[in-house]
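Inside the fold
As a plain string of letters, each chain reads:
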Amino acid sequence: MPKQMLFELVKSFPRRGRLVPGLTLLLLAVVFCSQVLAQTQIVNCDAPVQSRKRGIAVNPPMSAADFEAVAPGVSWYYNWGATPMAKPADVTMDFLPMAWNGASSFQTALTSYLAAGNRPWRVFALNEPNLRGQAFMTPSNSAVTFKQVKAICDPYNIPVIAPHMAIGSATSDSITNCYDPIMGSNVDYTFQEPFLNAFLYYCGATTPAGLSTHSYGGYGEITWILGTMHTDYPTQKVWMTEFNHSATSDAAALANLIPSVDYCERTPWVEGYSWFMSRLSGDPHNSLLSGSGVLTPAGQAYVQMPVHDTNLFYRIPGRLQAERYVTLNQMNIAPTADADGLADMISAATFASVDYNIQVDSPGSYLLNFRVAGAIGQIKVLEGSTLLGTASAPQTNWSTVSTTVLLAAGTQTLHVVLLANAQKLNWMEFVATNHPPVLAAVANQSILAGRTLAVTNAASDPDAPPQLLTYSLVGAPSGASIDTNSGVFTWRPTIVQSPSTQIVVVVASDNGTPVLNATNSFMVAVLQPVSPTLNAAAISNGQFGFWINGDTGPNYTIQASTNLTLWTPVFSTNSPALPCFWMDTNFASSPFLFYRVLLGP
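Described below are features of the structure shown in this document.

What follows covers the environment of Glu221. Tracing the backbone through its elements, the reader meets Glu221 in helix 6 (residues 219-232). Taking the C-alpha atoms as reference, Glu221 lies 9.7 Å from Ser260; in sequence the two are 39 residues apart. At 3.0 Å, the side chain of Glu221 forms a polar contact with the backbone nitrogen of Gly217.

Here is the structure:
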């Protein structure tokens, strides 16, 4: 929309979209289906998912922080013209240009935008041609302009969505006394369908890629008008490029926004929709943004609302919000009154159900928690026709109930059945059920000080698949250690640690959530070696030597002294084979020497 039209639109939009007197509000049976992505997408349970359908009708300014705030859930925007706004390079949001009316300036701007190499996936044309103050063009002139815009886009294979209608309008604001080629008489176009019929007649074989409407009457009006358009034009994709509910509170805004977005996301023939607008002056409840990059409650909901895609799977374990379903039956959605979460899925009949796509990396047993309220009754979980588990809600107030389910590895769809009418489901949480390792007992040990003790500890994990196990010691004797991967305990007690009895405590730990342990202990009796002996001393060729005997294992250190007070190490060997002979090659350097042997370590 041109800037000069902005304030008029803000003032006038509450009256646009009123139901035409005499028309009956229809409740349509909804066919639930998912839009299809090119390939399977796996995300974490709490990951934001950008919707291909979801857009925003924006009004300047839009800061870098604004784009960053809305981009996690919104994939495109438009501003009623062909000049995009500056946005950060790392923000993925498409700009869809519009030729607002039949003025040549709009087509010139669009031509320049496409010639510059830009390739939007859709182009819009004609903003509310049936409403005074907007494009305000007859069906025949609208068809002429559409064909001109399509001719600009055809070389680039870009589909054009046109026109973008006000649902209905007062006679004074409508195209009146206009010849209708289908009725064969002059009519007043106070409702969009006759206008669209005439428009398509004048288009002939050059048809648009989709038709769009604008709605300001709330969820009931949205389902009615979008359903009506699909019934009347079944070969056309349907768009809603403006919708808002004129709410006077945040709660009222959410009460309409959440089911409206949910409906558009799960309805396959709705190709796109956009909220009006990013900011509305003096209206914080229906704006998506307040301060720079600050989402209002409506903005938070608009960004967080999920897509319903058959190829989108949520990786567990984790907490999955109830509105992240893939298909549903006899269910409604509404803002939650619980302390956490965005929306509740509410059963509209007994045996209502919702289906959820999940990805299981580690097969096995999972604790499945449900956050429920509203009605006392059971919740059943199935995979195909196999019942996995049943939980019981014992009260109408919010509570968390649980069951245990055994899940195979890979992608799968869980069928969740609410057996009671008016049951509310806020979220469900998958918690991997972890079991502690099993650590085999080890017999008590004995070891001579100076020798090395090696004991193998063997643990197993009962989970399927088994988790990674590591080993550690608690309060280990000085010098003792354990291999964290193999569980082999090694210790070479020192001489000063003998004689004694030491307790060895071994812990095997898994890598589950939470980490679980198994503990075993065994006793080690540390024996004291016998005192070494020196014998068979002899002098040969001016060198003095003697034989050393004792227990094998300890280190043997020979010290020499000239006064029996100061001792100097002259030889040391680690765990020698005994008996062993040692000779002092420096014997002749001293008039007399004394020798002794010490054990170590």
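On to the pattern of salt bridges, then. In this structure the tally under the stated criterion is ten salt bridges. Linking Arg52 and Asp94 is a salt bridge whose minimum nitrogen-to-oxygen distance equals 3.8 Å. Residue Arg52 is found in strand 2 (residues 51-57), and its partner Asp94 is found in strand 4 (residues 94-95); the two are separated by 42 residues along the sequence. For Arg52, a relative accessible area of 40% translates into the label partly exposed. Within the structure, one salt-bridge network assembled from shared partners comprises Arg319, Asp340 and Glu429.

Consecutive side chains of a regular strand alternate in pointing toward one face of the sheet and then the other. Across the two faces of strand 38 (residues 580-584) the burial differs, with Cys580, Trp582 and Asp584 buried and Phe581 and Met583 not buried at all. Both strand 35 (residues 543-549) and strand 38 contribute to a ladder of five bridges, which runs antiparallel. Considered in strand 38, the bridge of Phe544 is made with Asp584.

With 14 residues, helix 6 ought to run about 20 Å at 1.5 Å a step, and its terminal C-alpha atoms sit 20 Å apart, in line with that. Considered for burial, the residues of helix 6 that qualify are Glu221, Ile222, Thr223, Trp224, Ile225, Leu226, Gly227, Thr228 and Met229. The inward-facing, buried residues of helix 6 contact helix 5 (192-203), strand 10 (210-215), strand 11 (237-243), helix 7 (250-266) and strand 12 (270-276).

This part covers unusual backbone geometry. Residue Pro163 is bonded to the preceding Ala162 through a cis peptide linkage, with omega at -15°. Tracing the backbone through its elements, the reader meets Pro163 in strand 7 (residues 160-166). In this model, Phe276 is joined to Met277 through a cis peptide bond whose omega is -5°. Within the secondary structure, Met277 sits in the loop between strand 12 and helix 8 (297-304). The backbone phi angle of Trp80 is positive, close to 70°, even though this residue is not glycine. Mapped onto the secondary structure, Trp80 falls in the loop between strand 3 (74-78) and strand 4. For Glu128, which is not glycine, the phi torsion reads 50° and is therefore positive.

This paragraph deals with helix 3 (residues 104-115). In this model helix 3 runs 16 Å from its N-terminal to its C-terminal C-alpha over twelve residues, within 8% of the 16 Å that 1.5 Å per residue would give. Where helix 3 is buried, its residues touch strand 4, strand 5 (98-99), strand 6 (123-125) and helix 4 (139-153). Directly after helix 3, the chain includes Gly117, whose backbone phi takes a positive value near 100°.

Taken together, three strands build an open sheet; the order of strands is 27-31-30 and the sheet is antiparallel. Strands with a single pairing partner mark the edges of an open sheet, and in this sheet they are strand 27 (453-456) and strand 30 (481-482). Strand direction decides the pairing type here: strand 27 and strand 31 (residues 488-491), joined by four bridges, are antiparallel. Paired with Val455 across the strands is Phe489, a residue of strand 31.

By size, the foremost hydrophobic cluster in this structure holds 127 residues, and its most contacted members are Leu226, Tyr302, Tyr356, Phe370 and Leu407. Counting residues in hydrophobic clusters, the runner-up holds 19 residues, among them Val455, Ile482, Phe522 and Val524.

Secondary-structure assignment places Asn520 in strand 33 (residues 517-527). Classification of Asn520 as buried rests on a relative accessible area of 18%. When sequence neighbours within four positions are dropped, the list of residues in contact with Asn520 reads Leu439, Ala440, Ala441, Val504, Val505 and Val506.

Remark: helix 4 packs on helix 5, axes separated minimally by 8 Å, with the N-to-C direction vectors making an angle of 50°. Regarding the angle of helix 4 to helix 5, the classification is oblique. Note on packing geometry: the crossing formed by helix 4 with helix 5 is right-handed. Of helix 5, the residues touching helix 4 (which contributes Pro139, Ser140, Ser142, Ala143, Phe146 and Lys147) are Phe195, Ala198, Phe199, Tyr202 and Cys203. A class-by-class count of the residues in the contact of helix 4 with helix 5 yields eight nonpolar, two polar and one charged.

So, how was this worked out
Residues numbered from 1 in each chain as written. Predicted model: local features only at pLDDT ≥ 70, side-chain atom pairs only at ≥ 80, totals over all residues. Heavy atoms only, no water. Helix = DSSP H or I, 4+ residues; strand = E, 2+ residues; numbered from the N terminus. Polar contact = N/O pair within 3.5 Å; in protein donor to acceptor, adjacent residues only side chain to side chain. Salt bridge = Lys/Arg side-chain N within 4 Å of Asp/Glu carboxyl O. Buried < 20%, exposed > 50% of the residue type's maximum accessible area, 1.4 Å probe, protein only. Pairing = 2+ DSSP bridges. Expected span 1.5 Å × (residues − 1). Contact = heavy atoms within 4.5 Å. Core = buried A, V, L, I, M, F, W, Y, C linked by side-chain atoms within 4.5 Å. Axes fitted to C-alpha atoms, helices over the stretch in contact; angles between N-to-C directions. Parallel < 35°, antiparallel > 145°, perpendicular 65-115°, else oblique. Left-handed = near helix turned anticlockwise from the far one by under 90°. Nonpolar A, V, L, I, M, F, W, Y, C, P; charged D, E, K, R; others polar.

By themselves, these observations are geometric and do not establish any function.
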